[in-house]
Amino acid sequence: MRWFKSTCIAAMSALSLGVAAKAHAQAGLLDSGKLLLTQGISTIEGSSGGGLASWATISGYETGDGIGGNAHETYVGLTNYSLQDFGASVGLFNRVEFSYTREEFDTGATGAKLGLGRNFTFDQDVYGAKVRLIGDLVYDQDTWLPQIAAGVQYKVNDKDAIIHAVGGKSAQGTDYYVSATKLFLAQSLVVDATLRLTKANQTGLLGFGGDKNNSYSPEFEGSLGYLLTKHLVVGGEYRTKPSNLGFAKENDWWDLFAAYAINKHLSVTVAYTDLGDIATFKNQNGVLASLQAGF
Amino acid sequence: MQKLFRAHRIAAACAGLALAASSAYAQDAAPVDAPAKASPSEAANAGATPIAGDGVYKAFHEQAGIQRVMDDFIVRVTTDPRIMARFQGANLPRLKILLVQQVCYLTGGPCVYGGRDMKDAHAGMNLEAKDFNALAEDLQLSMDKEQVPFRAQNQLLAKLAPMERPIVTK
């Protein structure tokens, strides 16, 4: 039911975005001038990127003269959990991006085994901002300079008591990251490397800081994508994470993805995702599916 | 006389275009700064150095393929509501000749580009990034129609993309 509800939200947002894009096309501000797929896709934390990894891209198909944006709905089905995620982002003049995403990490039947209760759900709101500092993903084909952006993600988890009970230090946290994304057009390759300073446990779904470690750790996230057609990119991602909590070891994440842009208003991403061990349950892998609508 | 000389030079460089080049060129009263031969200034005018080897040129089906791409492309850009106004009053036969020369040259083909550099050629047009990208999208469609493999298309686009800097001024 929740899946249905948020799918409807995504679909309605898509519809309204589409109508808005059409209505304002004459004004020129919603120009949708960026080339297909060059805005990345919405990550699970709402910022534009590769799915798990944030990139230096700015959300939306706007150029430097316009405004763009997206709504997204993402579902990750894991061995013992599921993550559902929906949000929206806006890109201003291909320079600044603001995003909001709500993540719902459902423990399902596993919740009972953890003593939390069946379908116990950690909810997290992620407020993101990103600014492109230098470089252009598409045009800078004659230089090694990547597109570089810096971003923040302020995250608020609603399960403060449980987070403290398992050794977490806070239900709120802020991640800081710098991303370098390079499109090697002649090779049909896109490469991203991102450095993130974070205290987040499982990206904040299990809070921030812990009994083992309560300071910021530098973490890496990277993506490699190959453009098969102008509509389709396939690739993989890797993301390292801290392991701050004594009760359960945390692993790095990786995925193999295919992102298909039907047009500039609709794209679909499917990935095989391996999120390692989560809250003592081993080998959490499964399928990520994401629908993104925007202009 | 000079015009005739230029037309012959182009004809020699791009044999397949000889007729079209001389006739269209003769109509063109605007001065064209053509370099004497392929040289660093040639690359400067064409906006980039050519792709090494002739693999991409062959992937475009050589001169005849590039000609077909540009035949289709000129129709597309002059009917694309996003950018068609930008071509009002343009000398389209000449534009097509120069584009064929430029793409032939950039893909590693045996052509000389006889046009002005990208900055001069687009001066005063107040072009925006969305115009540049719309044109790139039309070019992709024309290359698709010619069945140029995607990777070869991207190799050409990689040469064209940095031209955004001199072309887009607004």
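Residues numbered from 1 in each chain as written. Chains lettered and ligands numbered in written order. Predicted model: local features only at pLDDT ≥ 70, side-chain atom pairs only at ≥ 80, totals over all residues. Heavy atoms only, no water.

Let's talk about the environment of Glu164(B)
Part 1: Residue position: Glu164(B) is located in helix α10 (residues 164-167).
Part 2: We classify Glu164(B) as buried; its relative accessible area is 14%.
Part 3: For the pair Glu164(B) and Glu128(B), spaced 36 residues apart in sequence, the C-alpha to C-alpha distance is 9.0 Å.
Part 4: Contacts of Glu164(B), omitting those with residues within four sequence positions, involve Tyr139(A), Ala129(B) and Phe132(B). (Helix = DSSP H or I, 4+ residues; strand = E, 2+ residues; numbered from the N terminus. Buried < 20%, exposed > 50% of the residue type's maximum accessible area, 1.4 Å probe, protein only. Contact = heavy atoms within 4.5 Å.)

Quick notes on the pattern of salt bridges
Residue and element names in this part refer to chain B.
Part 1: Counted by the stated rule, this structure contains 31 salt bridges over all chains.
Part 2: Of the charged contacts, one joins Asp72 and Lys145 as a salt bridge, the two residues approaching to 3.1 Å between their closest N and O atoms. In this pair, Asp72 sits in helix α5 (residues 62-79) while Lys145 sits in helix α8 (residues 129-145), placing the two residues 73 residues apart along the sequence.
Part 3: With relative accessibility at 60%, the residue Lys145 sits in the exposed group. (Salt bridge = Lys/Arg side-chain N within 4 Å of Asp/Glu carboxyl O.)

Quick notes on the nonpolar core
Part 1: Counting residues in each nonpolar core, the largest one holds 80 residues, and the members touching the most others are Phe60(B), Met70(B), Leu106(B), Leu139(B), Met143(B), Leu156(B) and Met163(B).
Part 2: Only β12 (253-263) of chain A together with α3 (40-46), α4 (55-59), α5, α6 (92-106), α8 and α9 (150-160) of chain B provide two or more residues apiece to this core.
Part 3: Ranked by residues supplied to this core, first place goes to α6(B) with seven residues.
Part 4: If near-sequence neighbours (up to four positions away) are discounted, Met163(B) is found in contact with Ala46(B), Gly47(B), Ala48(B), Gln102(B), Leu106(B), Met118(B) and Phe132(B). (Core = buried A, V, L, I, M, F, W, Y, C linked by side-chain atoms within 4.5 Å.)

Observations concerning the side chain of Asp274(A)
Residue and element names in this part refer to chain A.
Part 1: Summarising the element assignment, Asp274 is placed in strand β13 (residues 266-274).
Part 2: Although buried, Asp274 forms no salt bridge, and the nearest oppositely charged side chain, Lys241, lies 9.1 Å from it.
Part 3: Engagement of the side chain of Asp274 in a polar contact is seen with the backbone nitrogen of Gly276, the distance being 2.9 Å.
Part 4: Contacts of Asp274, omitting those with residues within four sequence positions, involve Asp252, Trp253, Trp254, Gln284 and Asn285. (Lys, Arg positive; Asp, Glu negative; His and termini not counted. Polar contact = N/O pair within 3.5 Å; in protein donor to acceptor, adjacent residues only side chain to side chain.)

Re the packing of α5(B) against α8(B)
Residues and elements named next belong to chain B.
Part 1: Axis separation between α5 and α8 bottoms out at 9 Å; the angle between their running directions is 140°. Between α5 and α8, the angle falls in the class oblique. Considering only the axes of α5 and α8, their crossing is right-handed. Residues Val69, Met70, Asp72, Phe73, Arg76 and Val77 of α5 pack against Leu135, Asp138, Leu139, Leu141, Ser142, Met143 and Lys145 of α8.
Part 2: Split into classes, the residues belonging to the contact of α5 with α8 amount to eight nonpolar, one polar and four charged. (Axes fitted to C-alpha atoms, helices over the stretch in contact; angles between N-to-C directions. Parallel < 35°, antiparallel > 145°, perpendicular 65-115°, else oblique. Left-handed = near helix turned anticlockwise from the far one by under 90°. Nonpolar A, V, L, I, M, F, W, Y, C, P; charged D, E, K, R; others polar.)

Side note on the state of the cysteines
Residue and element names in this part refer to chain B.
Part 1: Evaluation of the coordinates by the stated rule reveals one disulfide over all chains.
Part 2: Sulfur-sulfur distance for the disulfide between Cys104 and Cys111 comes to 2.0 Å. One quick way to see it: the torsion about the S-S bond of Cys104 and Cys111 is about 75°, and its sign makes the bridge right-handed. In this structure, Cys104 and Cys111 share a single accessibility class: buried. (Disulfide = S-S within 2.5 Å.)

Overview of the environment of Leu95(B)
Part 1: Summarising the element assignment, Leu95(B) is placed in helix α6.
Part 2: Not counting residues up to four positions away in its chain, the partners in contact with Leu95(B) are Ile74(B) and Phe87(B).

Looking at the interface of chain A and chain B
Part 1: Counting residues at the interface gives 22 residues for chain A and 21 residues for chain B.
Part 2: Approximately 1800 Å² of surface area, both sides summed, lies buried where chain A meets chain B, with 53% of it carried by carbon and sulfur atoms.
Part 3: Connecting chain A to chain B are four salt bridges.
Part 4: In this structure, Arg165(B) and Asp142(A) form a salt bridge, with 2.5 Å as the shortest nitrogen-oxygen distance.
Part 5: Applying the counting rule to chain A against chain B returns seven residue pairs in polar contact (both at pLDDT 80 or more).
Part 6: Residues belonging to the side of chain A that touches chain B are distributed by class as follows: eight nonpolar, seven polar and seven charged. (Buried area = accessible area lost by both parts, 1.4 Å probe.)

Re the packing of aromatic side chains
Note on aromatic pairs: each is described by the distance of the centres and the angle between the planes.
Residue and element names in this part refer to chain A.
Part 1: Throughout the structure, instances matching the rule amount to 10 aromatic pairs over all chains.
Part 2: Measuring from centroid to centroid gives 5.3 Å for Tyr100 and Tyr127, while their planes differ by 45°, and the two rings are tilted. Note that Tyr100 is positioned in strand β5 (residues 96-106) and Tyr127 in strand β6 (residues 121-134), a separation of 27 residues in sequence.
Part 3: Judged by relative accessible area, which is 32%, Tyr100 ranks as partly exposed.
Part 4: Under the relative-accessibility criterion, Tyr127 is labelled partly exposed at 41%.
Part 5: Seen in terms of ring centroids, Phe105 and Phe122 are 6.5 Å apart; in terms of plane orientation they differ by 40°. Their pairing is tilted. Highlighted residues: Phe105 in strand β5 and Phe122 in strand β6, separated in sequence by 17 residues. Comparing Phe105 with Phe122 shows no difference in burial state: the two are buried.
Part 6: Within the aromatic cluster, the residues linked to one another by ring pairs are Tyr81, Phe105, Phe120, Phe122 and Phe281. (Phe/Tyr/Trp six-rings, centres within 6.5 Å; stacked < 30°, edge-to-face > 60°.)

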